[in-house]
Amino acid sequence: MYIGIDLGGTNIAIGLCDVNGKIVCSKSIPTPKDPAEIIKSMALLSGEVVESGGYKISDVKAVGIGCPGTINTSNGTVVYANNIAMDHVPMTDIFRTYLDLPVNIENDANAAAFGEYVTCGENVDSFIFITLGTGVGGGVITDGKLLRGFNYAGGEIGHFTLIYNGEPCTCGQRGCFESYASVTALIRQTKEAMKEHPESMMHEWVREHGSVNGRTSFSCAALGDKTAIAVRDQYIEYVAAGICSTINIFQPQVLAIGGGISREGSVLLDPIKEYLKKNDYNKFMPKTELKIATLFGDAGIVGAAMLAKQRFGE
């Protein structure tokens, strides 16, 4: 058995996985503010998850942790993570003072990418996962291994420039893919359109649902609202342009799209496929297969556990 931990800024989710990545038992708790408490909580909750699944710690081969930020996977250090306030924290060493098991730590987006790879892409040599959430994350896998870069900061798909000198990004740059293709960006785009079009049914939708979110434009577009259709279609084109550039650079066999927006399925996927037909660089060779990811919120747990298996499994 392997423990997979998905450490987020809001919640810590932990699952006990078998050798195939199937989650046997899982639990989650709110993420503490203090870094020391975060690590202690992860270790203690791991023990609880193992026990609630009917297993013993001796049944667990290793622990995998998916953590936000820049991670030195070789020594288990969180080099820097702004949303959990960690700066050169030796997470593996501290964790093992509470639970003495082999520990592998990985960037959370990379871990989620590996989880999706194990689930829907393991039969291919190259695989890319892009998740459309609060930001745009993802991971690049070649020959079954994550692309980390020499400094462990590789694969930051959300932060190539989509539009020069465009919208500000939380990373400090402007015009990043994330600034146009994240759910945060979609909410901004929706609010801007609503301000310009008071006649849009999106106003009524918000009154019924409480606030603007990633579903607002998609839901109202499905009902025929012209303003919502324009917002949705423009957003999808931003996503498509970023995916097209990603494919042009890496030419993966499979690219999977995850995050809450991916639940829109063919409404999202079909226009992206049409965009790629017209704009991708590769005109004459086999094409990348585009698909919707399958694990959704469980990707980080499964990926962290399977990376621990890859590193410490027999």
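Above this text you will find the structure in question.
Since we're looking at a predicted model, the values are computed, not measured.

(A) View of a nonpolar patch on the surface. A cluster of nonpolar side chains, namely L147, I249 and F250, defines an oily patch on the protein surface of about 270 Å² accessible area. Summarising the element assignment, F250 is placed in helix α8 (residues 226–250). With a relative accessible area of 35%, F250 lands in the partly exposed category.

(B) Representation of the pairing of strand β10 (residues 136–142) within the structure. Most of β10 is tucked away, with six of its seven residues classed as buried. Relative to β10, strand β9 (residues 126–132) runs antiparallel, the two sharing seven bridges. Counterpart to I130 in the pairing with β10 is G138. Where β9 folds back onto β10 in an antiparallel hairpin, the turn is made up of three residues. In terms of strand pairing, β10 meets strand β11 (residues 145–146) through two bridges, oriented antiparallel. Counted as the bridge partner of I141 is L146 from β11. Counting the residues that bridge the hairpin from β10 to β11 gives two residues, and of these D143 lies at a positive phi of roughly 55 degrees.

Quick notes on the rules
Residues numbered from 1 in each chain as written. Predicted model: local features only at pLDDT ≥ 70, side-chain atom pairs only at ≥ 80, totals over all residues. Heavy atoms only, no water. Patch = residues over 30% accessible without salt bridge, like charges linked within 9 Å, V, L, I, M, F, W, Y side chains within 5 Å. Areas by Shrake-Rupley, 256 points an atom, 1.4 Å probe, with all protein chains shown as cover. Salt bridge = Lys/Arg side-chain N within 4 Å of Asp/Glu carboxyl O. Helix = DSSP H or I, 4+ residues; strand = E, 2+ residues; numbered from the N terminus. Buried < 20%, exposed > 50% of the residue type's maximum accessible area, 1.4 Å probe, protein only. Pairing = 2+ DSSP bridges.

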